[in-house]
Amino acid sequence: MSENVIKTRNVIIGSGPAGYTAAIYASRAALEPVLIEGPQLGGQLTTTSEVENFPGYPEGVDGNQLMDDLRKQALRFGTKMISGKVTSVNFANRPFELVIDNGNACVLADSVIIATGAAARYLGLADEQKFMGMGVSACAVCDGFFYRKKTVAVVGGGDTACEEALYLSKLAEKVYLIVRKNYLRASKVMQKRVLDNPQITVLFNTNTTGLFGEEVLEGAHLIEFVGTPEERTYDIAIDGFFLAIGRQPNSGVFASYIETDEAGFIKTKPHSTATNIPGVFAAGDVSDPLFQQAIAAAGSGCRAALEAERFLLNND
């Protein structure tokens, strides 16, 4: 165990909307929580240029500003912030043990709130990062409004990709759905809705090889029928490029103790944030394969803190 040991009644792992909201509630409940900020301070919202659907900001708010506001509010009530990443845990007994940065520090906590989020899967193109927030997005619901009457593309062939294409078709002038295979993996109902929508053009057997533009995204390089005599490359002009190929929950470090579904999302009890380990709770995208919205994450962070408070009242 590290010589730098911190003892607390409550530790929160993650600095997104769920983590900061949990910290606000836990602090106000006099739990004196410690929040481990993780490798991406502020979480996924810091990659979004403007957030328009978070209550309380009628004119919208920059993602970084929103997360900074939440952080300051948590600090105001006494949350202790620790920089670093949880690299191993021991949830076999209370107090729970969390090792930070491979032993640089250790936290012993009577209760834990996991709010480590989920990372969007990307294609791995260098241009994805170049145009992040400037045309590239992994959330149609979050950013679709900015592409009203414009041309966009969605990558993916499952239900999520079809849902996002349909959502965007209500806003954008034209939607390309770029599908690697020669068929859609989505449900039959979803397939029919997409194929029957005149604003959606499905590009089967197609991969994206790159993106282009000056300061903002202007188009995508595509390759069709890879490895066949019909193989060809061409470009499409687009204003937005949406990834819908899944999200990876950041739950791996807890896998030895915490139950997850097949995709890695943490399982919680019905109508609760409680996990299979008494005293350990999960909030936000790491336990939410369905909604994955900032306000939903913040709400679950509130619930997790309230449940942690009740757990400590009954188990101290």
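Up top is the structure.
Reading the values: the criteria
- Residues numbered from 1 in each chain as written.
- Predicted model: local features only at pLDDT ≥ 70, side-chain atom pairs only at ≥ 80, totals over all residues.
- Heavy atoms only, no water.
- Disulfide = S-S within 2.5 Å.
- Buried < 20%, exposed > 50% of the residue type's maximum accessible area, 1.4 Å probe, protein only.
- Pairing = 2+ DSSP bridges.
- Helix = DSSP H or I, 4+ residues; strand = E, 2+ residues; numbered from the N terminus.
- Expected span 1.5 Å × (residues − 1).
- Arc of directions from axis to C-beta.
- Contact = heavy atoms within 4.5 Å.
- Polar contact = N/O pair within 3.5 Å; in protein donor to acceptor, adjacent residues only side chain to side chain.
- Phe/Tyr/Trp six-rings, centres within 6.5 Å; stacked < 30°, edge-to-face > 60°.
- Lys NZ or Arg CZ within 6 Å of the ring centre and 35° of its normal.
- Axes fitted to C-alpha atoms, helices over the stretch in contact; angles between N-to-C directions.
- Salt bridge = Lys/Arg side-chain N within 4 Å of Asp/Glu carboxyl O.

Undergrad: How should the state of the cysteines be read in this particular structure?
TA: What is meant by a disulfide is a covalent connection between two cysteines, made through their sulfur atoms. Under the counting rule described, the total for this entry stands at one disulfide. Covalent S-S linkage joins C139 and C142, the inter-sulfur distance amounting to 2.2 Å. Disulfide C139 to C142: torsion about the S-S bond roughly 70°, handedness right-handed. The class for C139 is buried, based on a relative accessible area of 15%. The class for C142 is partly exposed, based on a relative accessible area of 22%.

Undergrad: Mind showing me how you'd approach the sheet that holds strand β13 (residues 200-203) here?
TA: Strand pairing in a sheet is mediated by backbone hydrogen bonds. Such pairs are either parallel or antiparallel. Ordered in space as β10-β17-β11-β12-β13, the five strands form an open sheet in which the pairing is parallel. The sheet is open, and its two edges are formed by β10 (136-137) and β13, each paired on a single side. Two strands pair when backbone bridges link them, and strand β12 (residues 174-178) and β13 are joined in this way by four bridges, in the parallel orientation. Residue pairing in the sheet places V175 in a bridge with I200 of β13.

Undergrad: I'm lost on helix α2 (residues 63-76) in this one. Help?
TA: A rise of 1.5 Å per residue sets the reference length of α2, with its 14 residues, at 20 Å; its end C-alpha atoms lie 20 Å apart and thus fit the reference within 8%. When α2 is considered as a whole, its buried residues turn out to be G63, L66, M67, L70 and A74. In a view along the axis of α2, the buried residues occupy a sector of 95°, so they form one face of it. Every exposed residue of α2 that faces more than 90 degrees away from the buried side is listed here: K72 and R76. Check the buried side of α2 and you find it contacts α1 (17-28) and β4 (80-82). Its side-chain oxygen placed 2.9 Å from the backbone nitrogen of N64, D62 serves as the N-cap of α2. With its phi angle positive at about 105°, G78 sits one or two positions after the end of α2.

Undergrad: Whenever I open this one, the packing of aromatic side chains confuses me. Can you help?
TA: What describes a pair of aromatic rings is the distance from one ring centre to the other and the angle between the planes of the rings. Evaluation of the coordinates by the stated rule reveals seven aromatic pairs. On the basis of an interplanar angle of 75° and a centroid distance of 5.5 Å, the ring pair of F91 and F96 is categorised as edge-to-face. The pair formed by F91 and F96 is uniform in burial state, with each residue classed as buried. An aromatic cluster is built from F91, F96, F254 and Y257, whose rings are joined through pairwise contacts. Directly above the ring of F77 sits R28, whose terminal nitrogen or CZ lies 5.1 Å from the centroid. Across the ring face of Y176, the terminal group of K174 is positioned such that the distance to the ring centre comes to 5.0 Å.

Undergrad: Explain the sheet that holds strand β6 (residues 96-100) to me, please; I cannot follow it from the model alone.
TA: Across the sheet, which stays open at both edges, the four strands sit in the order β1-β7-β6-β5 with mixed pairing between neighbours. Single-partner strands in this sheet number two, and they are β1 (5-8) and β5 (86-90). Between one strand and the next, the sheet's axes are offset by a mean angle of 20°, whatever the strand orientation. In this structure, β6 lies alongside strand β7 (residues 105-109), joined through five bridges in antiparallel fashion. Bridging from a neighbouring strand, V99 pairs with C106 of β7.

Undergrad: Got a minute to help me understand unusual backbone geometry in this structure?
TA: In terms of backbone geometry, most residues other than glycine have negative phi values and most peptide bonds are trans. P95 follows R94 through a cis peptide bond whose omega is -5°. Here P95 lies in the loop between β5 and β6. For D101, which is not a glycine, the phi torsion comes out positive at approximately 50°. Tracing the sequence through the fold places D101 in the loop between β6 and β7. Residue D101 is classed as partly exposed on the basis of its relative accessible area of 28%. With a phi close to 65°, K149 is a non-glycine residue in the positive phi region. Tracing the chain through its elements places K149 in the loop between α4 (140-143) and β11 (151-155). On the accessibility criterion, K149 (63% relative accessible area) is exposed.

Undergrad: I'm lost on the pattern of salt bridges in this one. Help?
TA: Side-chain pairing between opposite charges can occur once the charged atoms of the two side chains come close. According to the stated counting rule, one finds seven salt bridges in the structure shown. Across the salt bridge formed by R94 and D110, the nearest N and O atoms sit 4.0 Å from each other. With R94 in the loop between β5 and β6 and D110 in the loop between β7 and β8 (112-114), this residue pair connects regions lying 16 residues apart in the sequence. For D110, a relative accessible area of 24% puts it in the partly exposed group. Here K192 ties to D196 by a salt bridge, and the two come within 2.9 Å at their closest N and O atoms.

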